[in-house]
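Each chain is listed here by its residues.
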Amino acid sequence: MSLWLAGIGVSRGIAIGRVHRVHGADLDIPEYAIEPEELDAEVERFEAALAEARSQLEQIRSQIPASAPAEISAFIDTHLLMMQDTALSDTVANLIREHRCNAEWALKLQQDHLTDVFDQMDDAYLKTRRDDVEHVTARIQRVLLKQERRIDARADRSRHPPVIVADDLTPADIIILHQQGVAAFVTEHGGPLSHSAILARSLRIPAIVGVHDARRMLVDDETLVVDGEAGHILADPAEDALSFYRHRQKRDQRYRRMLGKLKTEPAISADGRKVRLLANVELPDDSKDAAEVGAEGIGLYRTEFLYMNREEMPGEEEQLAAYRRVLRSVDGPVTIRTLDIGADKTLGHGRDHSASSNPALGLRAIRLCLKETDMFRVQLRALLRASAEGDVRIMLPMISNIQELRQTRHLINELMTELRSQGLAFNPALPVGAMIEVPAAALAAPLLARHADFFSLGTNDLIQYTLAMDRVDDEINYLYDPLHPAVLRLIKFTIDAGADAGIPVSMCGEMASDRRYTRLLLGLGLTEFSMHPANILEVKRLVMQSDVSALQRHVEAVLGATDALEYRELLDALDEPAAA
Ligand code: PEP
Ligand code: MG
């Protein structure tokens, strides 16, 4: 009988395959006492296991083909770095001696401690680094316990390719399985921002996480349909369901092919309005994906990733090299956001700041950079030098007042003088813009516009701060509402302020990526969208089909609605072509 299970879709696409369950990841960690005279030997046993785990990862790393996206080896490097960290090696050895316990138990104590630290973090991305700690410690535990994890999906290709069903998958597992040719991944744990999810997306393999009890409910070799967009799986489907999904698979392929043809088409609406579609990138090599879908430039390059998971701060030359890589791989402007991190989040090199009880409102982003000016100067110098080689724009996150813009401008001017005296080139007219992601910035937009060369709406934070809801708190995520009238009014106010001041306004929050809001945003007057490259062609298609003037009239009526029901009805009507 068919079985339907739901999870969270983290990588789109429909796959039809056969179930291949991966067991052996649930480790039973023993606890026993070690005699004082045996402690040295126990520490050595731990160190040998650590070395073996490292060599396993190094071997996997050496198998990555040179053509693979750069983040693949970066994720393995992250795990290798963690294994070298004293928080694992020295601390676990000390715990063995202190508690006179076996290596497995000491490692478990340290793992619990580290995962607690990550659990308390406010940032969604950093929170998922807890997975990395678990993956790394599990690999060492398996060596200690001599419990090899058998992960081999190559057997019997007769009917369908395998769909891997596991408790969780590490980036290393994903690499091995991808090489074996799998149809999809289904895991019981994990989240959309985990490295494994990012990898599945970049390898274009459908994936679903958080399907509780999947391994208990599914049977090896039964047919399994995976809908990576809807986030559900269907086991042992009836013939009509199977043919429905086969049809969807074909339709998706046709749709993708059709979208592919739009790559070189200009993004011009049905009534002749030019819209600019830019890409968001996280790693320099993501910009290749942006170029592949014909992005007209980069609207947001999140530089945090240059600073994370490492011992030392990235130097000026290293940053310059990363910025150059992005500049070379796309045509058009490259908007580079300065470091957006801080408060309770450690950068991994001893620069911890006192934890605020309210980190989202604490010392972060531009506030942190303006406090840590030595660090900020390095990034600004690298950005200025990159500006000599292409259309670089500097974007400042979390701006909430004019002073922050003026202080940054002052620093930039100082650095320009410094570079000039050193004979180093830069663009003296380099545009400096503000992210509008704090309600105060949106409401003060007409004033900020006098000090900014452009605005970019960061709706992820703007929604969080407007609706007083923590964007990483699962308990209240139902409050996250891009359509809330307060949010739409702030967006409209910012767009109008930009137009009045004659500066461009773009949007780089997730709202710009979501095809459900494209028509609404066009109606609000947005002309620049920046999004994950995977969504660009879909949004372009909607732009090409839209009559922007009609949408603007309609959205005016939405914003003028005085009754909640009328407001929602008018919003719903935006989905109907008649509205355009
Ligand atoms: C935003 O807040 O919308 C944004 C783009 O920045 P981030 O998601 O990196 O905070
Ligand atoms: Mg933000």
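The residue numbering used here restarts from 1 in each chain and proceeds along that chain's sequence as written. Chains carry letters and ligands carry numbers; both start at the beginning, A for chains and 1 for ligands, and go up in the order they are written. Residues qualify for local features only when their pLDDT is at least 70, as the model is predicted, and side-chain atom pairs are given and counted only at 80 or more; totals for whole chains, interfaces and linings, by contrast, use all residues. Excluding hydrogens and water, the side-chain figures rest on all heavy atoms present in the structure.

Participant: Account for the overall build of the chain, naming residues and giving values.
Facilitator: In this text, helices come from DSSP runs of H or I with a minimum length of four residues, and strands from runs of E with a minimum of two, each type numbered from the N-terminal end. From N to C terminus, the chain includes 24 helices and 16 strands. Restricting the calculation to C-alpha atoms gives the radius of gyration, and the globule rule supplies 2.2 Å times the number of residues raised to the power 0.38. Computed over C-alpha atoms, the radius of gyration of the chain comes to 25 Å, within 12% of the 25 Å expected from 2.2 N^0.38 for 580 residues, which places it in the range of a compact globule. Oriented by its inertia axes, the alpha-carbon framework of the chain measures out at about 75 × 70 × 45 Å. Throughout, exposure labels follow a simple rule: accessible area from a 1.4 Å probe, protein chains only, divided by the maximum for the residue type, with under 20% read as buried, over 50% as exposed, and the rest as partly exposed. Here the chain holds 580 residues, and the buried ones make up 54% of them. Partitioning the contacts of the chain with sequence separation of at least 6, the portion at a separation of at least 24 is 70%. Residues count as neighbours in contact if any of their non-hydrogen atoms are within 4.5 Å of one another.

Participant: Give me the site of ligand 1: which residues, what numbers.
Facilitator: The nearness test applies per residue and asks whether one of its heavy atoms lies within 4 Å of the molecule or strand. Surrounding ligand 1, one finds 13 residues, the nearest of these being Arg302, Arg337, Gly458, Asn460 and Arg471. The separation between an oxygen atom of ligand 1 and a polar side-chain atom of Glu437 is 2.9 Å. Counted as a polar contact is a pair of N or O atoms within 3.5 Å, where, for protein atoms, one must be capable of donating a hydrogen and the other of accepting one, and residues adjacent in sequence contribute only when both atoms are in side chains. In this structure, an oxygen atom belonging to ligand 1 sits 3.4 Å away from a main-chain N or O atom of Gly458. Where the shell around ligand 1 is concerned, the elements lending two or more residues are strand S10 (298–302) and helix H19 (459–466). Looking at which element gives the most residues to the shell around ligand 1, the answer is H19, with three residues. The nonpolar class holds Ala, Val, Leu, Ile, Met, Phe, Trp, Tyr, Cys and Pro. Asp, Glu, Lys and Arg form the charged class, and all remaining residues, Gly among them, are polar. Of the residues contributing to the shell around ligand 1, the split by class is three nonpolar, four polar and six charged.

Participant: If you had to explain the coordination of the magnesium ion (ligand 2) to someone new, which residues and values would you point to?
Facilitator: With water excluded from the atoms, a metal site may look incomplete; its donors are any N, O or S atoms within 2.8 Å, or within 3.2 Å for Na, K and Ca. Within the first shell, the magnesium ion (ligand 2) binds the protein through Glu437 (OE) and Asp461 (OD), at distances of 2.1 to 2.2 Å. Taken together, the residues span a long stretch of sequence, with Glu437 in the loop between strand S13 (432–436) and helix H17 (439–443) and Asp461 in helix H19 at a distance of 24 residues. The same class applies to Glu437 and to Asp461, which are both buried.

Participant: Which residues make up the packing of H19 against helix H20 (residues 485–501), and what values go with them?
Facilitator: Inter-axis angles, ranging from 0 to 180 degrees, are taken between N-to-C directions of lines fitted to C-alpha atoms, where helices are fitted over the stretch in contact. Viewed as axis vectors pointing N to C, H19 and H20 meet at an angle of 130 degrees, and their least axial separation amounts to 10 Å. Between H19 and H20, the angle is such that the two are oblique. Between H19 and H20 the crossing geometry is right-handed. Counted together, Thr459, Leu462, Ile463 and Thr466 of H19 and Ala486, Val487, Leu490 and Ile491 of H20 form the full contact between these two elements. For the contact of H19 with H20, a count of residues per class yields six nonpolar, two polar and no charged. Oblique is the label for any angle not covered by the other classes, which are roughly parallel (under 35 degrees), roughly antiparallel (over 145) and roughly perpendicular (65 to 115). Should the near helix be turned anticlockwise from the far one by less than a right angle, the crossing is left-handed, and should it be turned clockwise, the crossing is right-handed.

Participant: Just give me the short version of the sheet that holds strand S3 (residues 14–21), but keep the residues and values in it.
Facilitator: One open sheet holds the eight strands; their spatial order is S1-S8-S7-S3-S4-S5-S6-S2, and the pairing between them is mixed. Since the sheet does not close on itself, it has two edges, and those belong to strand S1 (3–6) and strand S2 (8–11), each with one partner. The mean angle between the axes of side-by-side strands here comes to 30 degrees, regardless of whether they run parallel or antiparallel. Two strands pair if DSSP finds at least two bridges between them. Summarising the sheet, S2 and strand S6 (residues 207–209) pair through three bridges and their orientation is antiparallel. By the bridge assignment for S6, Ile8 is matched with Val209. The sheet strands contacting helix H8 (residues 195–202) are S2, strand S5 (184–187) and S6, and the helix crosses S2 at an angle near 55 degrees. Together, S3, strand S7 (223–227) and strand S8 (232–235) form the strand contacts of helix H10 (residues 239–260), whose direction differs from that of S3 by roughly 125 degrees.

Participant: How would you sum up the packing of helix H1 (residues 39–62) against helix H4 (residues 103–119)? Please name residues and give values.
Facilitator: Orientation of H1 relative to H4, taken along the N-to-C sense of each, is 65 degrees, at an axis distance of 9 Å. For the pair H1 and H4, contact is made by Glu42, Arg45 and Phe46 and by Ala103, Glu104 and Leu107, respectively. Counted by class, the contact of H1 with H4 contains three nonpolar, no polar and three charged residues.

Participant: Can you lay out H4 for me, pointing to particular residues and giving the numbers?
Facilitator: Since the α-helix packs 3.6 residues into each turn, any two residues three or four apart lie on the same face. To estimate the expected span of a helix, subtract one from its residue number and multiply by 1.5 Å. Under the 1.5 Å per step criterion, the end-to-end length of H4 is 24 Å for 17 residues, consistent within 8% with the ideal 24 Å. Of the positions making up H4, those classed as buried are Ala103, Glu104, Ala106, Leu107, Gln110, Gln111, Leu114, Thr115 and Phe118. One side of H4 carries all its buried residues, which in axial view fall inside an arc of 165 degrees. Directions pointing from the helix axis toward each C-beta atom define the arc.

Participant: Describe the pattern of salt bridges, listing the residues and the values that go with them.
Facilitator: By definition, a salt bridge exists where a carboxyl oxygen of Asp or Glu is found within 4 Å of a side-chain nitrogen of Lys or Arg. Scanning all chains against the criterion turns up 32 salt bridges. In this structure, Arg568 engages Asp481 in a salt bridge whose closest nitrogen and oxygen atoms are separated by 3.1 Å. Note that Arg568 is positioned in helix H24 (residues 564–573) and Asp481 in the loop between H19 and H20, a separation of 87 residues in sequence. Each of Glu316, Glu317, Arg381, Arg385 and Glu418 takes part in salt bridges that share partners, so that together they form one network.

Participant: Please set out helix H15 (residues 373–387) residue by residue, giving values where relevant.
Facilitator: Between its first and last C-alpha atoms H15 spans 20 Å; for 15 residues at 1.5 Å apiece the expected length is 21 Å, and the two agree. Tucked inside the fold, the buried residues of H15 contact helix H12 (304–307), helix H13 (316–329), strand S11 (334–337), helix H14 (365–371), strand S12 (392–396) and helix H16 (402–421).

Participant: Explain the packing of aromatic side chains to me, using residue names and the numbers behind them.
Facilitator: To describe a pair of aromatic rings, you give the distance between the ring centres and the angle between the ring planes. Working definition: a ring pair exists when centres of Phe, Tyr or Trp rings (six-membered ring for Trp) sit within 6.5 Å. Plane angles under 30 degrees give stacked, over 60 give edge-to-face, the rest tilted. All chains considered together, the criterion is met by two aromatic pairs. Geometrically, the ring pair formed by Phe244 and Tyr245 is edge-to-face, given 5.1 Å between the ring centres and 80 degrees between the ring planes. A centroid spacing of 6.0 Å and a plane angle of 80 degrees characterise the contact between Tyr301 and Tyr323, whose relative ring orientation is edge-to-face. One end of the pair, Tyr301, is in strand S10; the other, Tyr323, is in helix H13, and 22 residues separate them in sequence. Like Tyr323, Tyr301 is buried. Over the aromatic face of Trp105 sits the side chain of Lys108, whose NZ or CZ is 5.5 Å from the ring centroid. Distance and angle both matter: a charge sits over a ring if NZ of Lys or CZ of Arg is within 6 Å of the ring centre and within 35 degrees of the ring normal.

Participant: Tell me about the domain arrangement of the chain, and name the residues and values.
Facilitator: Interfaces are frequently sized by the accessible area removed from exposure as the parts join. The split into domains, and so the bounds of each, comes from an automatic or database assignment of domains. Each domain of the chain was delimited in the assignment, giving domain 1 (3–24 + 154–257), domain 2 (36–145) and domain 3 (269–547). Summarising the inter-unit geometry, the C-alpha centres of domain 2 and domain 3 are found 34 Å apart.

Participant: A description of the sheet that holds strand S14 (residues 455–457) should follow, citing residues and the corresponding values.
Facilitator: Here eight strands make up a closed barrel; going around it, the order is S9-S10-S11-S12-S13-S14-S15-S16 and the pairing parallel. The sheet shows a mean angle of 30 degrees between the axes of neighbouring strands, taken without regard to direction. Of the pairings in the sheet, the one linking S14 to strand S15 (residues 505–507) comprises three bridges and is parallel in character. Residue Leu457 lies in a different strand from S15, and its bridge partner there is Met507. In this fold H15 packs onto S11 and S12, with an angle of close to 155 degrees to the strand it touches most, S12.

Participant: Mind laying out the environment of Thr91, listing which residues take part and the relevant values?
Facilitator: Here Thr91 shows up in helix H3 (residues 89–99). The partly exposed category is assigned to Thr91, whose relative accessible area is 26%. Sequence separation of Thr91 and Arg489 is 398 residues, and the distance between their C-alpha atoms is 52 Å. The residues touching Thr91, leaving out its near neighbours within four places in the chain, are Thr86 and Gln110. Within the structure, Thr91 has its side chain in polar contact with the backbone oxygen of Thr86 (distance 3.0 Å). A distance of 3.4 Å separates a polar side-chain atom of Thr91 from the backbone oxygen of Ala87.

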